[in-house]
Amino acid sequence: MHLYLLRTYAPEGTNGRLMIDGHFTCYTIELPWRHNRRGLSCIPEGCYRVMQRYSEVFQWHLHLIDVPDRDLILVHPANNALLELKGCIAPVSKLTGAGQGTRSRRAFYLLMQQVRLAFLAHEPVLLTINETQT
């Protein structure tokens, strides 16, 4: 399974459109680009392997592997990037501003339903992140 995240950058936050195999799945929010600074920036554009991960805080969620100079980059619910994220990616149902959205838990649940099928089938899951071309 291949996920594609097309980003739009703003000083206050980064918004995106997440596609699975060419089909729109949800919007995303992230921190603004701040030169990959740990805890302050979204991650660099590129292609990353995605794994399932479990924690007490987020339960089952997604973990991006081999992000340059970063670790524990997750995909988990959040509605405000500046207040709730430290470099991770949050799916949202609707964008409300730069790095802000609504109904993140719903978008996250729908995303996990689709991705979980690939994990159950032992398919690799990849995420490619690029800037939206205008």
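Preceding this paragraph is the structure being described.
Residues numbered from 1 in each chain as written. Predicted model: local features only at pLDDT ≥ 70, side-chain atom pairs only at ≥ 80, totals over all residues. Heavy atoms only, no water.

Caption draft 1: Just the overall build of the chain, in detail. For the chain, the count of helices and strands is two helices and 10 strands. Start at the N end of the chain and walk to the C end: the helices and strands fall as β-β-β-β-β-β-α-β-β-β-α-β. Relative to its length of 134 residues, the chain is compact, with a C-alpha radius of gyration of 13 Å against a globular reference of 14 Å. Considered along the principal axes of its C-alpha atoms, the chain spans approximately 40 × 35 × 30 Å. The contacts of the chain with a sequence gap of at least 6 include a subset with a gap of at least 24, amounting to 49%. Taken as a whole, the chain presents about 7,300 Å² of accessible surface, with 55% of it coming from carbon and sulfur. Charged side chains of the chain number 14 positive and 11 negative; the gap between the two group centres comes to 6 Å. (Helix = DSSP H or I, 4+ residues; strand = E, 2+ residues; numbered from the N terminus. Rg over C-alpha atoms; globule rule 2.2 N^0.38 Å. Contact = heavy atoms within 4.5 Å. Areas by Shrake-Rupley, 256 points an atom, 1.4 Å probe, with all protein chains shown as cover. Lys, Arg positive; Asp, Glu negative; His and termini not counted. Charge placed at Lys NZ, Arg CZ, Asp CG, Glu CD.)

Caption draft 2: Geometry of the nonpolar core. Core analysis: the biggest nonpolar cluster contains 24 residues, and Leu62, Leu64, Val115 and Leu127 have the highest contact counts within it. Put simply, the parts of the chain that give this core at least two residues each are strand 1 (2-10), strand 2 (13-20), strand 4 (46-55), strand 5 (59-65), strand 6 (73-75), helix 2 (104-120) and strand 10 (126-131). Ranked by residue count, the leading element in this core is helix 2, at seven residues. Not counting the four nearest positions on each side in its chain, leucine 64 is found in contact with Ile43, Tyr48, Arg49, Val50, Ile73, Val75, Ile89 and Leu127. (Core = buried A, V, L, I, M, F, W, Y, C linked by side-chain atoms within 4.5 Å. Buried < 20%, exposed > 50% of the residue type's maximum accessible area, 1.4 Å probe, protein only.)

Caption draft 3: How the structure looks around the sheet that holds strand 3 (residues 23-30). Across the sheet, eight strands lie side by side as 6-5-4-10-1-2-3-7; this open sheet has mixed pairing. In this open sheet, the two edge strands, each paired with only one partner strand, are strand 6 and strand 7 (90-92). Strand-to-strand twist of the sheet, defined as the mean angle between neighbouring strand axes without regard to direction, takes the value 35°. The pairing of strand 4 with strand 10 spans four bridges and is classified as antiparallel. Among the inter-strand pairings, arginine 49 is bridged to a residue of strand 10, identified as leucine 126. (Pairing = 2+ DSSP bridges. Axes fitted to C-alpha atoms, helices over the stretch in contact; angles between N-to-C directions.)

Caption draft 4: Seen up close, helix 2. Compared with an ideal rise of 1.5 Å per residue, which puts 17 residues at 24 Å, helix 2 spans 24 Å between its outermost C-alpha atoms and is within 8% of the ideal. For helix 2, the set of buried residues is Ser104, Ala107, Phe108, Leu111, Met112, Val115, Ala118 and Phe119. Just downstream of helix 2, histidine 122 is the residue with a positive phi angle, here 60°. (Expected span 1.5 Å × (residues − 1).)

Caption draft 5: View of the environment of leucine 126. Looking at the element boundaries, leucine 126 is found in strand 10. Given the relative accessible area of 30%, leucine 126 is considered partly exposed. As a C-alpha pair, leucine 126 and arginine 49 span 77 residues in sequence and 4.6 Å in three-dimensional space. Apart from the residues lying within four places of it in its own chain, the contact partners of leucine 126 are Met1, His2, Leu3, Cys47, Tyr48, Arg49 and Val50.

Caption draft 6: Molecular detail of the pattern of salt bridges. A full pass over the atoms with the stated rule returns two salt bridges. With a closest N to O distance of 2.8 Å, glutamate 30 and arginine 7 form a salt bridge. Highlighted residues: glutamate 30 in strand 3 and arginine 7 in strand 1, separated in sequence by 23 residues. Residue glutamate 30 is classed as buried on the basis of its relative accessible area of 0%. Residues aspartate 71 and arginine 38 are paired through a salt bridge, measuring 2.9 Å at the closest nitrogen-oxygen approach. Of this pair, aspartate 71 sits in the loop between strand 5 and strand 6 while arginine 38 sits in the loop between strand 3 and strand 4, placing them 33 residues apart in sequence. (Salt bridge = Lys/Arg side-chain N within 4 Å of Asp/Glu carboxyl O.)

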